[in-house]
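The lines below spell out each chain.
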Amino acid sequence: MFPGLGREWPHVIRRRPKVVSVGRLFGSSEPSRLEPDSAFVRWGGQEFFDRLVERFYEGVEADPLLRPMYPEDLTEGKVHLALFLAQYWGGPRRYEELRGHPRLRMRHAPFVIGPNEADAWLRHMVASVDASGLVGPDREELVGYLAMAAHSLTNSAL
Ligand code: HEM
């Protein structure tokens, strides 16, 4: 089962060493506790994921294959994806609070996702990661995860 997509959720925060408040790091009043060495913290917190998703959605909006799969109003989808990714990479558990267990395979079941759709989705994500300035092993880790996840959510041969 691919992490984050199946039964093993949640799994990111395995250790509980030093804790740090989001408020101190990001100027929010939220009293969540985060691992200071998580990717979430290293990459820039919620803002990093918000921007990643915002750029990704610019690609989706202009994509004739993907755009029709998404609802007219993209606002909520953006929030859900950004909160999911943030939580996956060690951020606060806001996605789960808002949406419950991710069950991504189930949530994507209404959409026909063949190799072309998965490729298009991943292409927009990789373009957005590259625009984020993330480099080296961090970039490889994020892109590797997104590629695996896109592949695992493919639910149609065509
Ligand atoms: C493989 C190609 C993919 C396609 C075509 C696709 C398409 C979609 C669509 C159409 C929605 C609904 C958006 C809305 O209701 O506003 C959605 C939601 C979502 N997708 Fe994907 N997706 C793909 C891959 C992924 C991957 C790889 C991830 C995770 C890494 C992901 C995470 C999510 C999340 C978290 C949501 C929101 C779920 C919720 O309603 O709480 N998707 N996706």
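### As for the overall build of the protein chain
And then number 1: Each helix and strand counted, the protein chain has eight helices and two strands in total.
And then number 2: Beginning at the N terminus, the succession of helices and strands in the protein chain can be written as β-α-β-α-α-α-α-α-α-α.
And then number 3: By residue count, 22% of the 158 residues in the protein chain fall in the buried class.
And then number 4: A separation threshold of at least 6 residues defines the contact pool for the protein chain, and within that pool the share at least 24 residues apart is 63%.

### A closer look at the site of the ligand
And then number 1: Close to the ligand lie 21 residues; Gly77, His80, Phe84, Trp121 and Ala149 are nearest.
And then number 2: Contributions of two or more residues to the shell around the ligand are made by α4 (75–88), α6 (104–108), α7 (115–132) and α8 (136–152).
And then number 3: Looking at which element gives the most residues to the shell around the ligand, the answer is α4, with five residues.
And then number 4: A class-by-class count of the residues in the shell around the ligand yields 14 nonpolar, three polar and four charged.

### A few points about the nonpolar core
And then number 1: By size, the foremost hydrophobic cluster in this structure holds 26 residues, and its most contacted members are Phe49, Leu85 and Ala86.
And then number 2: Only α2 (39–43), α3 (46–61), α4, α7 and α8 provide two or more residues apiece to this core.
And then number 3: With sequence-adjacent residues up to four places away left out, Ala86 is seen in contact with Phe40, Gln46, Phe49 and Gly91.

### Observations regarding α8
And then number 1: The first and last C-alpha atoms of α8 sit 24 Å apart over 17 residues, in line with the 24 Å expected at 1.5 Å per residue.
And then number 2: If you check which residues of α8 are buried, you get Leu142, Ala149 and Ala150. With its buried residues spanning 100° around the axis, α8 presents them on a single face. Structural note: α8 exposes Gly136, Pro137, Glu140 and Gly144 on the side pointing more than 90 degrees away from its buried face.
And then number 3: Along its buried surface, α8 packs onto α7.

### So, the packing of α3 against α4
A pair of packed helices is captured by two measures, namely the crossing angle of their axes and the spacing between those axes.
And then number 1: Interaxial distance between α3 and α4 falls to 9 Å at its minimum, and their mutual angle equals 135°. Between α3 and α4, the crossing angle belongs to the class labelled oblique. As α3 runs across α4, the sense of the crossing is right-handed. Together, Gln46, Phe49, Asp50, Leu52, Val53, Glu54 and Tyr57 of α3 and Lys78, Leu81, Ala82, Leu85 and Ala86 of α4 make up the contact between the two elements.
And then number 2: In terms of residue class, the contact of α3 with α4 is built from eight nonpolar, one polar and three charged.

### Description of unusual backbone geometry
Leaving glycine aside, a negative phi is the common case for residues, and trans is the common case for peptide bonds.
And then number 1: The phi dihedral of Arg103 is positive, around 40°, even though this residue is not glycine.
And then number 2: Along the chain, Arg103 turns up in the loop between α5 (94–99) and α6.

### Overview of the confidence of the model for the protein chain
And then number 1: Mean pLDDT over the protein chain stands at 87; residues scoring 70 or higher make up 80%.
And then number 2: Confidence drops under a pLDDT of 50 for residues 6–29, and excluding neighbours within four residues, the segment shows 34 contacts in the predicted structure.

### As for the environment of Leu122
And then number 1: Within the secondary structure, Leu122 sits in helix α7.
And then number 2: Taking the number of C-beta atoms within 10 Å as the measure of exposure, Leu122 has 16 and is therefore partly exposed.
And then number 3: As a C-alpha pair, Leu122 and Ala147 span 25 residues in sequence and 6.4 Å in three-dimensional space.
And then number 4: What Leu122 contacts, discounting residues up to four positions off in sequence, is Leu146, Ala147 and Ala150.

Thresholds applied
Residues numbered from 1 in each chain as written. Predicted model: local features only at pLDDT ≥ 70, side-chain atom pairs only at ≥ 80, totals over all residues. Helix = DSSP H or I, 4+ residues; strand = E, 2+ residues; numbered from the N terminus. Buried ≥ 20, exposed ≤ 12 C-beta atoms within 10 Å, placed from the backbone. Contact = placed C-beta atoms within 7 Å. Near = placed C-beta within 6 Å. Nonpolar A, V, L, I, M, F, W, Y, C, P; charged D, E, K, R; others polar. Core = buried A, V, L, I, M, F, W, Y, C linked by C-beta atoms within 7 Å. Expected span 1.5 Å × (residues − 1). Arc of directions from axis to C-beta. Axes fitted to C-alpha atoms, helices over the stretch in contact; angles between N-to-C directions. Parallel < 35°, antiparallel > 145°, perpendicular 65-115°, else oblique. Left-handed = near helix turned anticlockwise from the far one by under 90°. pLDDT = per-residue confidence, 0-100.

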